[in-house]
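The lines below spell out each chain.
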Amino acid sequence: MDRIQAMQVFVRVAEVGSFIKAAQTLALPASTVTSSIKNLEKYLQVRLLNRTTRRVSLTQEGACYLAQCREILTLIEHTESSLTDSAKRPQGRLRVDMPGGIAHFIVMPNLQDFYRRYPEIYLMIGVNDRQVDLVQEGVDCVIRTGELNDSTLIARPLGHFRWVTCASKAYLRENGTPQVPEDLSHHRAIHYFSGRTRRVGDMHFARGSEKLSVPVKGTAAVNETGLYIKMCLEGFGLAQLAERIVSEHLQDGRLVEVLADWQPPSVPVNLLYPHQRFLSPAVRVFADWVSMLIRDDHSFSQ
């Protein structure tokens, strides 16, 4: 029995509460996960998990063993990652989730550079604007925008998005260009919603220390960045977006910034990963690489 692998399997089963989910996130056959736990319990001569038809839970002994396994595995990972052998390069599978706008307009245009630097990393990019459960879904790290509310994750600040309020030329020809936030009562917006959004119809502005939240009527709401941009391009209404993500549309005139004196507040960008003592080499180099992209982009501010 490979005791290190058995510990890794046990930790994942304990974290996700399911043999099947653990097998999926570890890319192992379910039978291998089941036999690993059985062999580990037989070797230790103690029951680590309680099994029911719906859920797997830790026994008292299992809870103690879980804490010790985490310590052992992080120490092993740190020992391996701290090797100075120049021939050793980050490798293996890296699962990272990020919003669609960041994936399409920041990561994807620079992805060849990442693979030139780290050809032995197998990158799995999950694209969505919802929050994911890193442990349950087997995700190594995520990129998130906005204020953080999950204290169980470690955050690495990457910078801030500068946001703009914009619309298509066709929309502005038909409806006029707002000069001050009060003009928005005569306009419509494309609303954006997510699991954390409280009021989807509000547009937010700041000028110096002054801040405003203005309700703006609309005919549709979306929860995906690509669709949000497309609806803005098609003239469905005003939108508030990261300048970097729509920079090409602003430059070619398909979108026009309005209310430039009342910019939306900047939005923090963070890379998050589960609470652990050491980062894996793959996560560390990916975090450094994304941070470099943001530092080199003048559409971001620190």
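That block above? That's the structure.
Analysis parameters
- Residues numbered from 1 in each chain as written.
- Predicted model: local features only at pLDDT ≥ 70, side-chain atom pairs only at ≥ 80, totals over all residues.
- Heavy atoms only, no water.
- Salt bridge = Lys/Arg side-chain N within 4 Å of Asp/Glu carboxyl O.
- Helix = DSSP H or I, 4+ residues; strand = E, 2+ residues; numbered from the N terminus.
- Buried < 20%, exposed > 50% of the residue type's maximum accessible area, 1.4 Å probe, protein only.
- Expected span 1.5 Å × (residues − 1).
- Arc of directions from axis to C-beta.
- Axes fitted to C-alpha atoms, helices over the stretch in contact; angles between N-to-C directions.
- Left-handed = near helix turned anticlockwise from the far one by under 90°.
- Contact = heavy atoms within 4.5 Å.
- Parallel < 35°, antiparallel > 145°, perpendicular 65-115°, else oblique.

Draft legend 1. Representation of the pattern of salt bridges in the model. Under the criterion given, the structure shown has 10 salt bridges. Put simply, arginine 51 and glutamate 41 hold a salt bridge, and the shortest N to O gap is 3.0 Å. Placement of the pair is arginine 51 in strand β1 (residues 49-51) and glutamate 41 in helix α3 (residues 30-44), with a sequence separation of 10 residues. Judged by relative accessible area, which is 11%, glutamate 41 ranks as buried.

Draft legend 2. View of α3. When the terminal C-alpha atoms of α3 are compared, their 21 Å separation across 15 residues agrees well with the 21 Å that a helix rising 1.5 Å per residue should span. Three or more residues of α3 are buried, namely Val33, Ser36, Ile37, Leu40 and Glu41. Across the axial projection of α3, the buried residues extend over an arc of 125 degrees, all falling on one side. Those residues of α3 that are exposed and aimed more than 90 degrees away from the buried face are Ser31, Lys38 and Lys42. A positive backbone phi angle near 60 degrees is found at glutamine 45, which sits one or two residues after α3.

Draft legend 3. Up close: the packing of helix α2 (residues 19-26) against α3. Put simply, α2 and α3 touch, their axes get as near as 8 Å, and they point 115 degrees apart. Classified by chirality, the crossing of α3 by α2 is right-handed. Contacts between α2 and α3 involve Phe19, Ala22 and Ala23 from the former and Ala30, Val33, Thr34 and Ile37 from the latter.

Draft legend 4. Region of interest: the packing of helix α1 (residues 3-16) against α3. At a closest axis distance of 9 Å, the pairing of α1 and α3 adopts a crossing angle of 110 degrees. One element, α1, and the other, α3, form an angle in the roughly perpendicular class. Remark: the crossing between α1 and α3 carries left-handed chirality. Here Arg3, Ala6, Val9, Phe10 and Val13 of α1 lie close against α3, whose contacting residues are Val33, Ser36, Ile37, Leu40 and Tyr43.

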